[in-house]
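Residues per chain, in single letters:
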Amino acid sequence: MDLLLSKLLPPLLYPLSLACWALIFAVVRFWRAPKQAAIALAIALSLLLLSGNDYVTVALLRSLEEQYLPPQPIPQGAAIVVLGGVIVPQQEPRPWVEIKEGGDRLLYGIHLFRQGYAPYLILSGGRIPWLGEISQRSEAADMAEIAQTCGIPKENILLDTTSLNTYENARNVKALIAAHQIQGDLLLVTSAYHMPRAAAIFRHLGLKVIPVPTDYRWPSVAHSFTWQNVLLSLIPTASNIQLTTDVLREYQGLLIYRLRGWL
C-alpha cells in the first residue's frame with residue numbers, strides 16, 4: 001500500500017495534473033462563477049508557461065545536478081552500483097530490451113567497469129507490474145543481459161532483483177555486499193538529478209559511496225541572449241514540462257523520505 005500511494009499520489013501534484021485540475025474547475029464553474037473560472041484558467045496557463053520554459057526548467061535542474069559533479073579523478077572502488085529505472089522490458093513488437101532516457105546510468109557503469117575502476121558491477125532494480133512493466137524478468141536481469149553483451153563477465157555481475165524504489169535499492173545493495181563480503185567504497189552511478197536523494201539514502205544506511213553521476217539533462221554552458229534565443233526559450237515545450245516534473249518528483253521524494261526517516 002505504501003508503494004502504491006507513493007507512486008499514485010505525487011503525480012496528482014505535477015504541473016500538468018494541476019493545470020488539468022484548474023481547467024476542470026474552470027469548466028464546472030464557468031456559468032455560475034465566471035470570475036472563479038477566469039482565475040482557474042489563469043492558474044492553468046501560468047503553470048504551463050512556468051513549467052515549460054527553458055529558464056525555469058534549467059534553474060530547477062541545476063539545483064539538483066550541480067550538487068554532485070563528476071569526481072576528478074575517479075577513485076578506485078570495491079564495486080560499481082548502478083540504479084535501475086532505465087530499461088524497457090522486451091515485449092512485442094520489441095525485438096530486445098530497450099534503454100530509456102536514463103540509460104546513461106547503465107552505459108556509464110559498464111564503461112567504469114571496463115576501465116577497471118572496480119571488480120564488481122552491482123545492478124539494482126525490480127519491476128512494478130501494475131505500472132505496465134510486464135515481464136518475467138527483473139530490470140536488474142535485463143540490465144545484466146546488456147552488460148554481458150558489452151563484454152562484462154557474468155561472474156563479476158551481482159543483481160538486486162526486488163527493489164522497487166531508491167530506499168530499497170540502498171537496503172538491498174547493503175545486504176548484497178554483506179553476503180559477498182565486499183568491503184570498501186562503492187561507486188554509485190545514477191542520473192545527476194537523482195544523485196542527491198540516492199547518495200543521502202545510501203549514506204543514511206551506513207554505506208560508503210562515492211557519487212559518480214551521469215545523465216546530465218542540461219549542459220552547463222550559458223545561453224546566448226539574442227532576442228531570438230530569449231523568445232524561443234520562453235515558449236513552453238512538452239520536453240521542458242517533463243524535465244520540470246522529473247525535478248519536482250525528486251523534491252517530493254526527498255520530502256517523503258525525510259518524513260519517513262529514510263534520510
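The preceding data block contains the structure.
Residues numbered from 1 in each chain as written. Predicted model: local features only at pLDDT ≥ 70, side-chain atom pairs only at ≥ 80, totals over all residues. Heavy atoms only, no water.

Q: Which residues make up the overall build of the protein, and what are the values?
A: Counting its regular elements, the protein contains ten helices and seven strands. Principal-axis analysis of the C-alpha atoms places the extent of the protein at approximately 70 × 45 × 45 Å. For the protein, buried positions account for 45% of its 263 residues. Put simply, 71% of the contacts in the protein that link residues at least 6 apart link residues at least 24 apart. Of the roughly 14,100 Å² of accessible surface on the protein, 62% is carried by carbon and sulfur atoms. (Helix = DSSP H or I, 4+ residues; strand = E, 2+ residues; numbered from the N terminus. Buried < 20%, exposed > 50% of the residue type's maximum accessible area, 1.4 Å probe, protein only. Contact = heavy atoms within 4.5 Å. Areas by Shrake-Rupley, 256 points an atom, 1.4 Å probe, with all protein chains shown as cover.)

Q: Please provide a residue-by-residue account of the environment of Arg-258, values included.
A: Locating Arg-258 in the fold gives a position in helix H10 (residues 238-259). Once the C-alpha coordinates of Arg-258 and Gln-181 are considered, the two residues, 77 residues apart in sequence, prove to be 30 Å apart.

Q: Before we move on, can you summarise the packing of helix H2 (residues 15-29) against helix H3 (residues 34-52) with the specific residues and values?
A: Where H2 contacts H3, the two axes come as close as 8 Å, and the packing angle between them is 160°. In this view, H2 runs roughly antiparallel relative to H3, as classed from their interaxial angle. You can see that H2 and H3 cross each other, and the crossing is left-handed. Of H3, the residues touching H2 (which contributes Pro-15, Leu-16, Leu-18, Ala-19, Ala-22, Leu-23, Phe-25, Ala-26 and Arg-29) are Pro-34, Gln-36, Ala-37, Ala-40, Leu-41, Ile-43, Ala-44, Leu-47, Leu-48 and Ser-51. Tallied by class, the residues present in the contact of H2 with H3 amount to 16 nonpolar, two polar and one charged. (Axes fitted to C-alpha atoms, helices over the stretch in contact; angles between N-to-C directions. Parallel < 35°, antiparallel > 145°, perpendicular 65-115°, else oblique. Left-handed = near helix turned anticlockwise from the far one by under 90°. Nonpolar A, V, L, I, M, F, W, Y, C, P; charged D, E, K, R; others polar.)

Q: Can you tell me about the packing of helix H4 (residues 54-65) against H10, naming the residues and giving the values?
A: The relative placement of two packed helices is expressed as an angle between their axes plus a distance between the axes. The N-to-C vectors of H4 and H10 enclose an angle of 35°; their axes lie 9 Å apart at closest approach. Taken as a pair, H4 and H10 cross one another with a handedness that is left-handed. Every residue of H10 that contacts H4 at Asp-54, Thr-57, Leu-60, Leu-61, Ser-63 and Leu-64 is listed here: Asn-240, Leu-243, Thr-244, Val-247, Glu-250 and Tyr-251.

Q: Can you explain the side chain of Arg-105? Please cite residues and give values.
A: The topology assignment puts Arg-105 in helix H5 (residues 104-114). Despite its burial, Arg-105 remains without a salt bridge, the nearest opposite charge being carried by Asp-215 at 5.0 Å. Side chain to side chain, Arg-105 and Ser-191 meet in a polar contact 2.8 Å long. Leave out the neighbours within four places in its chain, and Arg-105 touches Val-82, Leu-83, Gly-84, Val-86, Val-189, Thr-190, Ser-191, Tyr-193, His-194 and Thr-214. (Lys, Arg positive; Asp, Glu negative; His and termini not counted. Salt bridge = Lys/Arg side-chain N within 4 Å of Asp/Glu carboxyl O. Polar contact = N/O pair within 3.5 Å; in protein donor to acceptor, adjacent residues only side chain to side chain.)

Q: So what's going on with the pairing of strand S6 (residues 186-189)? Residues and values would help.
A: Both faces of S6 are covered, namely the face carrying Leu-186 and Leu-188 and the face carrying Leu-187 and Val-189. As paired elements, S6 and strand S7 (residues 209-211) share three bridges and run parallel to each other. Counterpart to Leu-188 in the pairing with S7 is Pro-211. The β-α-β motif built from S6, the intervening helix H8 (residues 195-204) and the parallel element S7 has right-handed crossover chirality. (Pairing = 2+ DSSP bridges. Right-handed = clockwise from strand over helix to strand, strands pointing away.)

Q: Describe in detail the sheet that holds strand S1 (residues 79-83), supporting the description with residues and values.
A: As a general point, the strands of a sheet are linked pairwise by backbone hydrogen bonds and lie either parallel or antiparallel. What the five strands build is an open sheet, ordered S5-S4-S1-S6-S7; its pairing is parallel. A single partner strand is all that each edge strand has here, and the edge strands are strand S5 (157-160) and S7. Between one strand axis and the next, the sheet turns through 25° on average, direction left out of account. Packing against the sheet, helix H6 (residues 139-149) makes contact with S1, strand S4 (121-124) and S5, and its axis sits at approximately 160° to S5. Each of S1, S6 and S7 touches H8; the most contacted strand, S7, lies at about 170° to it.

Q: Got a sec to walk through the packing of aromatic side chains? Specific residues and values, please.
A: For the structure on display, the rule yields three aromatic pairs. For the ring pair Phe-30 and Trp-31, a centre distance of 5.0 Å and an interplane angle of 85° mean the geometry is edge-to-face. Classification of Phe-30 by relative accessible area gives partly exposed; the value is 42%. Seen in terms of ring centroids, Tyr-167 and Trp-262 are 4.1 Å apart; in terms of plane orientation they differ by 10°. Their pairing is stacked. Of this pair, Tyr-167 sits in helix H7 (residues 166-179) while Trp-262 is found in the segment after H10, placing the two residues 95 residues apart along the sequence. With a relative accessible area of 15%, Trp-262 lands in the buried category. Through pairs of rings, three or more aromatic residues link up here, namely Tyr-167, Tyr-257 and Trp-262. The side chain of Arg-197 reaches across the aromatic face of Tyr-257, ending 5.0 Å from its centre. (Phe/Tyr/Trp six-rings, centres within 6.5 Å; stacked < 30°, edge-to-face > 60°. Lys NZ or Arg CZ within 6 Å of the ring centre and 35° of its normal.)

Q: Give me the pattern of salt bridges: which residues, what numbers.
A: Scanning the model with the defined rule gives nine salt bridges in all. The network of salt bridges with shared partners includes Glu-101, Asp-215, Arg-217, Asp-246 and Arg-249.

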